[in-house]
Amino acid sequence: MASLHALLNTFTLLLGMLAITLSPVQAFELIPQKLADGVYALIGPTNNRTYENHALNNNLGFVVTRSGVALIDSGASRQGAALIEAAVRSVTDLPIRWVFNIGVQDHRWLGNAYFADQGARIIALQRTVNGQKHYADNHVALLQNVLKDRFEGTTPLTAPAPMRADFAEFELGGMAFQLRWLGDAHYRGDAVLLLPHAGVLFAGDIVFHDRMLGVWPHSPVDAWRDSFRMMEQLPAKIVVPGHGNPGDLAKARHDTGNYLDFLADNVIPAARDWEPLDAVTERLADQPQFHHLQHYDGWHKRNINQTYIQFEGK
Ligand SMILES: [Zn+2]
């Protein structure tokens, strides 16, 4: 009897161990979202950079042409770049031959070296590269802190021959790509990539969908608003924002354009007129038209604050 009991106990223990072994391990994965023939977005989570998400809390994309793949941004690290490559591999075996960098922020370009090592050409505007170089040390330090061992082996590599113009057009594998700088935005030097045939615009950090955008000292709100308006003139049917789900220009206006207008029309004049910051913040604190945006509670007042500081007495 005792031995049967022991046997049952062992059996129960084994079952328990099996259950632990079989419990799902949530590895971070990027799943391509098809937007048009050969055009895919990789939509990152809208939370913060974490160790778990490899700091890939932004959107990326890729285009499969007849002679290779063009990637839109390369992620925040070498390991993250390998995850991006795996996502591409779930769609095609063609080599990744080109990597566009459309933004200054860490997770848009710190995976460059991984793809360059495989022979990919890194493509960016000079303005974007200037911004990347300016913030590189800062961004690397931040990521080392978040990604720890997952950042090992990452080397910052900018495009070796960036274009001085603010507009550059490419024909790659039979497809047209237009890289444009529309004016300063979230970062000075952020650009957009338009695929004119598909009507898909990778808008980068000029546009945030579903979540509230963040204003920082490096995000001049008046210029950003103007850049956004320039973007609205482009022939885009689908907008892939820097963060959040793809949508159309109306969604971009609803989630980003209106908020930039709100900040520019309300906070900038108040700051120029020396209205006390406390009074401005209190007066503008509740804006129900933006309650639908994720992070509203944490970010809205801070955005008022940041905008105010940019224009105080100017
Ligand atoms: Zn971003």
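The rules we used
Residues numbered from 1 in each chain as written. Predicted model: local features only at pLDDT ≥ 70, side-chain atom pairs only at ≥ 80, totals over all residues. Heavy atoms only, no water. Helix = DSSP H or I, 4+ residues; strand = E, 2+ residues; numbered from the N terminus. Buried < 20%, exposed > 50% of the residue type's maximum accessible area, 1.4 Å probe, protein only. Contact = heavy atoms within 4.5 Å. Areas by Shrake-Rupley, 256 points an atom, 1.4 Å probe, with all protein chains shown as cover. Pairing = 2+ DSSP bridges. Axes fitted to C-alpha atoms, helices over the stretch in contact; angles between N-to-C directions. Donors = N, O, S within 2.8 Å, 3.2 Å for Na, K, Ca; no water. Tetrahedral: all angles 85-135°; square planar, octahedral: opposite > 155°, others 65-115°. Right-handed = clockwise from strand over helix to strand, strands pointing away. Phe/Tyr/Trp six-rings, centres within 6.5 Å; stacked < 30°, edge-to-face > 60°. Domains from an automatic or database assignment. Buried area = accessible area lost by both parts, 1.4 Å probe. Salt bridge = Lys/Arg side-chain N within 4 Å of Asp/Glu carboxyl O. Polar contact = N/O pair within 3.5 Å; in protein donor to acceptor, adjacent residues only side chain to side chain. Nonpolar A, V, L, I, M, F, W, Y, C, P; charged D, E, K, R; others polar.

Q: Explain the overall build of the protein chain to me, using residue names and the numbers behind them.
A: Helices and strands together make up the secondary structure of the protein chain, namely eight helices and eleven strands. By principal-axis analysis of the C-alpha atoms, the protein chain measures approximately 90 × 55 × 35 Å. Relative to its 314 residues, the protein chain shows a buried fraction of 54%. Of all intrachain contacts in the protein chain linking residues separated by at least 6 positions in sequence, the fraction that spans at least 24 positions is 70%. Approximately 14200 Å² of the protein chain is accessible, and the part contributed by carbon and sulfur atoms is 54%.

Q: Report on the sheet that holds strand 4 (residues 68-72), specifying residues and quantitative values.
A: Taken together, six strands build an open sheet; the order of strands is 1-2-3-4-5-6 and the sheet is mixed. Each end of this open sheet is capped by a strand with a single partner; those strands are strand 1 (32-36) and strand 6 (121-123). Neighbour to neighbour, the strand axes of the sheet diverge by 25° on average, direction disregarded. Examined bridge by bridge, strand 4 and strand 5 (residues 96-100) share four bridges and lie parallel to one another. Its bridge partner lying in strand 5, Val-69 is registered against Ile-96.

Q: Outline the coordination of the zinc ion, listing residues and values.
A: Every protein donor of the zinc ion is listed here as Gln-105 (OE1), Asp-205 (OD), Asp-205 (OD) and His-243 (NE2), and their distances to the metal cover 2.1 to 2.6 Å. Considering all four donor atoms around the zinc ion, angles at the metal cover 49 to 156° and the coordination shape is irregular. Positions of the donor residues of the zinc ion, expressed as sequence spacing, correspond to Q-x99-D-x37-H. Taken together, the residues Gln-105 in the loop between strand 5 and helix 3 (112-116) and His-243 in strand 11 (residues 238-243) connect sequence positions 138 residues apart. With respect to burial, Gln-105 and His-243 carry one shared label: buried.

Q: Give a detailed account of the pairing of strand 5, specifying residues and quantitative values.
A: In terms of residue burial, strand 5 counts as a mostly covered element, since four of its five residues are buried. As a crossover connection, the stretch from strand 4 through helix 2 (residues 78-89) into strand 5 is right-handed. Summarising the sheet, strand 5 and strand 6 pair through three bridges and their orientation is parallel. Paired with Val-99 across the strands is Ile-122, a residue of strand 6.

Q: Quick one: what's the story with the packing of aromatic side chains, residue by residue and with numbers?
A: Throughout the structure, instances matching the rule amount to ten aromatic pairs. For the ring pair Phe-100 and Phe-170, a centre distance of 5.5 Å and an interplane angle of 75° mean the geometry is edge-to-face. Taken together, the residues span a long stretch of sequence, with Phe-100 in strand 5 and Phe-170 in strand 7 (residues 167-172) at a distance of 70 residues. Taking relative accessible area as the criterion, Phe-170 reaches 9% and is therefore assigned buried.

Q: Quick rundown of the side chain of Gln-306? Include the residues and the values.
A: For Gln-306, the position within the fold is in helix 8 (residues 296-311). Since its relative accessible area comes to 17%, Gln-306 is described here as buried. What Gln-306 contacts, discounting residues up to four positions off in sequence, is Val-215, Trp-216 and Pro-217.

Q: Can you explain the domain arrangement of the protein chain? Please cite residues and give values.
A: Under the domain assignment, the protein chain is made up of domain 1 (25-165) and domain 2 (182-314). On a C-alpha basis, the centres of domain 1 and domain 2 stand 23 Å from each other. With 29 residues of domain 1 in contact, the opposing surface of domain 2 contributes 26 residues. Summed over both partners, the interface of domain 1 with domain 2 comes to about 2000 Å²; 63% of that surface belongs to carbon and sulfur atoms. Linking domain 1 with domain 2 are one salt bridge. Of the charged contacts, one joins Asp-205 and Arg-108 as a salt bridge, the two residues approaching to 3.3 Å between their closest N and O atoms. Counting every contact that joins domain 1 to domain 2 gives twelve residue pairs in polar contact (both at pLDDT 80 or more). Among the elements of the structure, strand 1, strand 2 (39-42), strand 3 (60-65) and helix 4 (126-147) are those that each provide at least two residues to the side of domain 1 that touches domain 2. Of the residues assigned to the side of domain 1 that touches domain 2, the class counts are 14 nonpolar, 13 polar and two charged.

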